[in-house]
Amino acid sequence: DGAVVVQWQIDGQTNSTVVEKARHAEKSQGVWMPGDLYDVFHEEHLAVEWNGHGSSQGAKTTVRRQWSDLRPKNSTMSPEQYAIERLHSLLPTFEERMCSSVTASNTRQWIANDLAINLGGVSKHKLVEVLLRTSRVNGIVVDVGAKNGGVAAVPAADHGREVWALEPDSRSFEKLQANIQNKGRKVNALQIAAGDKNAPRNLRMFTNADFSCFTCTDPNSKDMKEIEVDVKTLDTVISRRVFLLKSDTQGFEIEVMNGATTLFDKMGVSYVLVEFDPLLLGGKERALSLVSFFLSRKYECFDLRWRKKFAGGKNHYGVRLNASNGPPFVEALLAESAYTDLLCFKCT
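Residues numbered from 1 in each chain as written. Predicted model: local features only at pLDDT ≥ 70, side-chain atom pairs only at ≥ 80, totals over all residues. Heavy atoms only, no water.

**Q** I'm lost on the side chain of Asp-143 in this one. Help?
**A** Following the sequence through the fold, Asp-143 ends up in strand S5 (residues 140-144). Engagement of the side chain of Asp-143 in a polar contact is seen with the side chain of Lys-246, the distance being 2.9 Å. Beyond its immediate chain neighbours, meaning those up to four positions away, Asp-143 contacts Gly-149, Ala-152, Ala-153, Trp-164, Ala-165, Leu-166 and Lys-246. (Helix = DSSP H or I, 4+ residues; strand = E, 2+ residues; numbered from the N terminus. Polar contact = N/O pair within 3.5 Å; in protein donor to acceptor, adjacent residues only side chain to side chain. Contact = heavy atoms within 4.5 Å.)

Structure follows, in structure tokens:
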């Protein structure tokens, strides 16, 4: 596809004879500088140049695919485990470079693109563990729609973080309390929902499943009942700097974020892990408004969706969202009636 590897650098030692440099490539359009493809796990750099054949984007995609699939041939780790190992090394570098005032804008783009590649296909449970073990960012953890606390609240407490967990469903809240009491975990657990107003609201609970929501429906269920629950804005509940805000509210994410503008704009939220289901959110425009909430605040947002990447299905690598690819990204999810999770980061 026109891709030529022009330099391989390992531990600072350059071997420029890997292949001959394509002299006729236009530097203004076809050259990707070292760091565009960057594997911190092996401390290796690749500089890649378009040789003029085919499209530069096609060439870049080819190299990314090959590079993302690389792992030691004798490794006993699964591809997800290997990606997680890479993330443990990549994350501190990502945070350092994104938060440095001397990092050039194009370098920020390179390091963000490389993080996106490694995030694709990593489950949110494993990702939270990576963040808790590896990140150097301070702050509390806020778990909205905590359920039993297994994704964020419990592991964050086990890592010594101050935790606030919100769960309005009485069934899930009972399980959350049981998990907190186990091992004497310290979690500020509140049986409330987060929203854009401080006002009670009816929560739809499906008695034939451990599932509840404010706006969703299940046409196959006759066992749905509504109960009134207390709803508070995060701005009312939280007045501290947040390391990780996790939100899983079955389509209520826009209301959750709109009730946290002071928290985002004044206190600071470094990482956001949010469920992203365009159908439950109410369609394309509302889904894009959630993306815009983060992008307008200068967050870097990445898709964590698993598309059977390592099970013989179509390859999929982490998507770094922007204003241009947001609409087709949402349309693709809607066409498949699918959902994903997004990880968003901002240096605060």
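**Q** How should I be thinking about the state of the cysteines in this particular structure?
**A** Covalently bonding the sulfur atom of one cysteine to the sulfur atom of another cysteine gives a disulfide. By the definition in use, this model includes two disulfides. Through a disulfide, Cys-301 is tied to Cys-344; the S-S separation comes to 2.1 Å. On the sign convention where negative means left-handed, the S-S torsion of about 110 degrees between Cys-301 and Cys-344 marks this disulfide as right-handed. You can see Cys-301 sitting in strand S15 (residues 300-303) and its partner Cys-344 sitting in strand S16 (residues 340-345), a full 43 residues away along the chain. For Cys-344, a relative accessible area of 0% gives the class buried. (Disulfide = S-S within 2.5 Å. Buried < 20%, exposed > 50% of the residue type's maximum accessible area, 1.4 Å probe, protein only.)

**Q** Help me out: how do you make sense of the pairing of S15 in this one?
**A** Note on strand geometry: in a regular strand, side chains alternate between the two faces of the sheet. Burial along S15 is two-sided: Glu-300 and Phe-302 and Cys-301 and Asp-303, pointing in opposite directions, are all buried. In terms of strand pairing, S15 meets S16 through four bridges, oriented antiparallel. By the bridge assignment, Glu-300 is partnered in S16 with Phe-345. (Pairing = 2+ DSSP bridges.)

**Q** Teacher, can you tell me more about the sheet that holds S16 here?
**A** A sheet is described by the order of its strands in space; here seven strands give the open sequence S7-S6-S5-S13-S14-S16-S15, paired in mixed fashion. Looking at which strands have only one partner, the edges of the open sheet turn out to be strand S7 (188-190) and S15. When the angles between neighbouring strand axes are averaged without regard to direction, this sheet yields 15 degrees. With five bridges joining them, strand S13 (residues 242-247) and strand S14 (residues 269-276) adopt parallel strand pairing. What sits directly across from Leu-244, in S14, is Tyr-271. Most of the contacts of helix H12 (residues 284-295) go to S14, to which it runs at about 170 degrees, and overall it touches S14, S15 and S16. (Axes fitted to C-alpha atoms, helices over the stretch in contact; angles between N-to-C directions.)

**Q** Looking at this structure, how should I read the pairing of S16?
**A** Of all six residues in S16, six are buried; the element is thus mostly enclosed. Alternating residues of S16 divide into Thr-340, Leu-342 and Cys-344 and Asp-341, Leu-343 and Phe-345, and every residue in both groups is buried.

**Q** How do you make sense of the nonpolar core when you look at a structure like this?
**A** The nonpolar side chains of a soluble globular protein tend to be buried, and buried together. Leu-234, Leu-245, Met-257, Phe-264, Val-272, Phe-276 and Phe-294 are the most contacted members of the largest nonpolar core, which has 45 residues in total. Apart from the residues within four sequence positions on either side, Phe-264 is in contact with Leu-245, Met-257, Val-269, Val-272, Phe-293, Phe-294, Arg-297 and Tyr-299. The next biggest cluster of nonpolar side chains, apart from the first, holds 39 residues, and it includes Val-141, Leu-176, Phe-243 and Leu-343. (Core = buried A, V, L, I, M, F, W, Y, C linked by side-chain atoms within 4.5 Å.)

**Q** Would you explain the environment of Asn-188 in this entry?
**A** For Asn-188, the position within the fold is in strand S7. In sequence terms Asn-188 and Ala-153 are 35 residues apart; their C-alpha atoms lie 9.3 Å from each other.

**Q** Mind showing me how you'd approach the side chain of Gln-250 here?
**A** Within the fold, Gln-250 resides in the loop between S13 and helix H9 (253-258). Classification of Gln-250 as buried rests on a relative accessible area of 16%. Within the structure, Gln-250 has its side chain in polar contact with the side chain of Asp-248 (distance 3.3 Å). Leave out the neighbours within four places in its chain, and Gln-250 touches Phe-211, Ser-212, Cys-213, Thr-215, Glu-275 and Leu-280.

**Q** Quick question: what am I supposed to make of the pattern of salt bridges here?
**A** Counting across every chain of the model gives 12 salt bridges. Between Arg-185 and Asp-158 there is a salt bridge, and its shortest N-O distance comes to 2.7 Å. With Arg-185 in the loop between helix H7 (170-181) and S7 and Asp-158 in helix H6 (residues 153-158), this residue pair connects regions lying 27 residues apart in the sequence. Using a relative accessible area of 14% as the deciding quantity, one classes Arg-185 as buried. Given a relative accessible area of 47%, Asp-158 falls into the partly exposed group. Here Glu-300 makes a salt bridge to Arg-320, at a shortest N to O gap of 2.8 Å. Taken together, the positions of Glu-300 in strand S15 and Arg-320 in the loop between S15 and helix H13 (326-335) put the pair 20 residues apart, joining distant regions of the chain. Overall, the relative accessible area of 14% leaves Glu-300 in the buried class. Connected through shared salt-bridge partners, Lys-124, Asp-248 and Asp-341 make up one network. (Salt bridge = Lys/Arg side-chain N within 4 Å of Asp/Glu carboxyl O.)

**Q** Would you take a moment to explain H7 for this structure?
**A** An α-helical segment advances 3.6 residues per turn. Residues three or four places apart therefore align on the same side. Counted at 1.5 Å a residue, the expected span for H7 with its 12 residues is 16 Å, and the 16 Å between its end C-alpha atoms agrees. Among the residues of H7, those classed as buried are Ser-172, Phe-173, Leu-176 and Ile-180. Seen along its axis, H7 keeps its buried residues to an arc of 100 degrees; they face one direction. Every exposed residue of H7 that faces more than 90 degrees away from the buried side is listed here: Glu-174 and Gln-181. Those residues of H7 that are buried lie in contact with strand S6 (163-166) and S7. (Expected span 1.5 Å × (residues − 1). Arc of directions from axis to C-beta.)

**Q** Explanation requested: the confidence of the model for the protein in the structure shown.
**A** Detailed reading of predicted coordinates is not advised where the pLDDT is low. In this model, the protein carries an average pLDDT of 78, and 72% of its residues clear a pLDDT of 70 or more. Overall, residues 64-68 carries pLDDT values under 50, and its contacts beyond four positions in sequence, including any with other chains, amount to 17 contacts. (pLDDT = per-residue confidence, 0-100.)

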